[in-house]
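# Secondary and tertiary structure notes
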Amino acid sequence: METILYQKHKHLIIVGTSGHGKVLYDLVKGTNAYDSISFVDDNYASDTFLNEVYLGTVEDSFQYINTHDFFVGIGNNAIRKKISNTLLQHGANLISMLDPFTSVSSLATIGRGSCILKGACVGIDAMIGDGVILNTGCSVDHDCSIGNYVHVSVGAHVAGTVHIGEGSMLGAGSTVINNLSLCENVILGAGAVVIESLKEAGTYVGVPCKLIKR
């Protein structure tokens, strides 16, 4: 697959100037896909970031809708969804990014506004939704369905034919065995192991994982 999916323009705005935004900047900078990379952030006070242009708040970026592509580089699932929906309502073109050092099946599908970072693997017929983060070194095996605005953290592993509900977060090093389903808004603690389907939203930790907070 290409590194940049759904590209429409030659200029890019990344929403977010914290850690996740920096990772995405580093990824896209190495592709030479864009003539310029700029940033917006409602909570950033400086006028520059990594020597690129800071344009102001998310609302300030609306004037660039027809000339720039957008990517929401926010790690928090709920905030990423909110900002993405706002941009889409204003007609923004949201791209997806795939690090060149990933392994993604040509028969997998990737939604808009998603990123697949260095060392991640995505198997055949996997379906990755919109606004998904597949972080460094994670894996999503064959026939999985990853809902919108899910974050699969560093080194987490999802075995074959698993469904992950929208807004869920799989902590670093967590594992979901094959043929299971997780409902929306599940949070797995670091290193948690899921051996049965989870039907209630909340925070789960341990091996095997147990619900600790609804």
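Residues numbered from 1 in each chain as written. Predicted model: local features only at pLDDT ≥ 70, side-chain atom pairs only at ≥ 80, totals over all residues. Heavy atoms only, no water.

## So, the sheet that holds strand β20 (residues 169-170)
Taken in spatial order, the 9 strands line up as β1-β8-β11-β14-β17-β20-β23-β25-β26 in an open sheet, and their pairing is mixed. Each end of this open sheet is capped by a strand with a single partner; those strands are β1 (4-5) and β26 (210-213). Pairing of strand β23 (residues 186-188) with strand β25 (residues 202-205) involves 3 bridges; the strand directions are parallel. What sits directly across from Leu188, in β25, is Tyr204. Lying on the sheet, helix α1 (residues 19-29) is in contact with β1, β8 (96-98), β11 (115-116) and β14 (133-134); it crosses β8 at an angle near 70°. (Pairing = 2+ DSSP bridges. Helix = DSSP H or I, 4+ residues; strand = E, 2+ residues; numbered from the N terminus. Contact = heavy atoms within 4.5 Å. Axes fitted to C-alpha atoms, helices over the stretch in contact; angles between N-to-C directions.)

## Focus on helix α2 (residues 77-89)
Owing to its 3.6 residues per turn, the α-helix aligns residues three or four sequence positions apart on the same side. Here α2 contains 13 residues, and its C-alpha end-to-end distance of 18 Å stays within 8% of the 18 Å for a straight helix at 1.5 Å per residue. Buried residues of α2: Asn77, Arg80, Ile83, Ser84 and Leu87, and no others. End-on view of α2: buried residues confined to an arc of 135°, all on one side of the axis. Exposed side of α2, more than 90 degrees from the buried face: Ala78, Lys82 and Gln89 are the residues found there. On its buried face, α2 is in contact with β2 (11-15), β6 (69-72), β7 (93-94), β14, β17 (151-152) and β20. Capping the start of α2 is the job of one residue whose side-chain oxygen sits 3.1 Å from the backbone nitrogen of Ala78: Asn76. Gly91, located one to two residues past α2, shows a positive phi value of around 90°. (Expected span 1.5 Å × (residues − 1). Buried < 20%, exposed > 50% of the residue type's maximum accessible area, 1.4 Å probe, protein only. Arc of directions from axis to C-beta. Polar contact = N/O pair within 3.5 Å; in protein donor to acceptor, adjacent residues only side chain to side chain.)

## Focus on the pattern of salt bridges
Once their charged atoms are close, side chains differing in charge can pair, the charge on each being opposite to the other. Here the structure, examined in full by the defined rule, presents 3 salt bridges. With a closest N to O distance of 2.6 Å, Lys81 and Glu166 form a salt bridge. On the criterion of sequence distance, the pair formed by Lys81 in helix α2 and Glu166 in the loop between β19 (163-164) and β20 is long-range, its members being 85 residues apart. Judged by its relative accessible area of 32%, Lys81 is partly exposed. (Salt bridge = Lys/Arg side-chain N within 4 Å of Asp/Glu carboxyl O.)

## Quick notes on the sheet that holds strand β15 (residues 139-140)
An order of β9-β12-β15-β18-β21-β24 is seen for the 6 strands of this open sheet, with the pairing classed as parallel. Strands at the two margins of the open sheet, each flanked by one partner only, are β9 (103-104) and β24 (193-194). Sheet topology note: the strand β12 (residues 121-122)/β15 ladder contains 2 bridges and is parallel. What sits directly across from Val122, in β15, is Val140.

## Here we look at the pairing of β6
What you see with β6 is no split at all: Asp69 and Phe71 on one side and Phe70 and Val72 on the other are buried throughout. Here β2 runs beside β6; their pairing, made up of 4 bridges, is parallel. Directly across from Leu12, in β6, lies its bridge partner Asp69. In the sheet, β6 pairs with β7 via 2 bridges, with the strands oriented parallel.

Any functional reading would require information beyond the geometric quantities listed.
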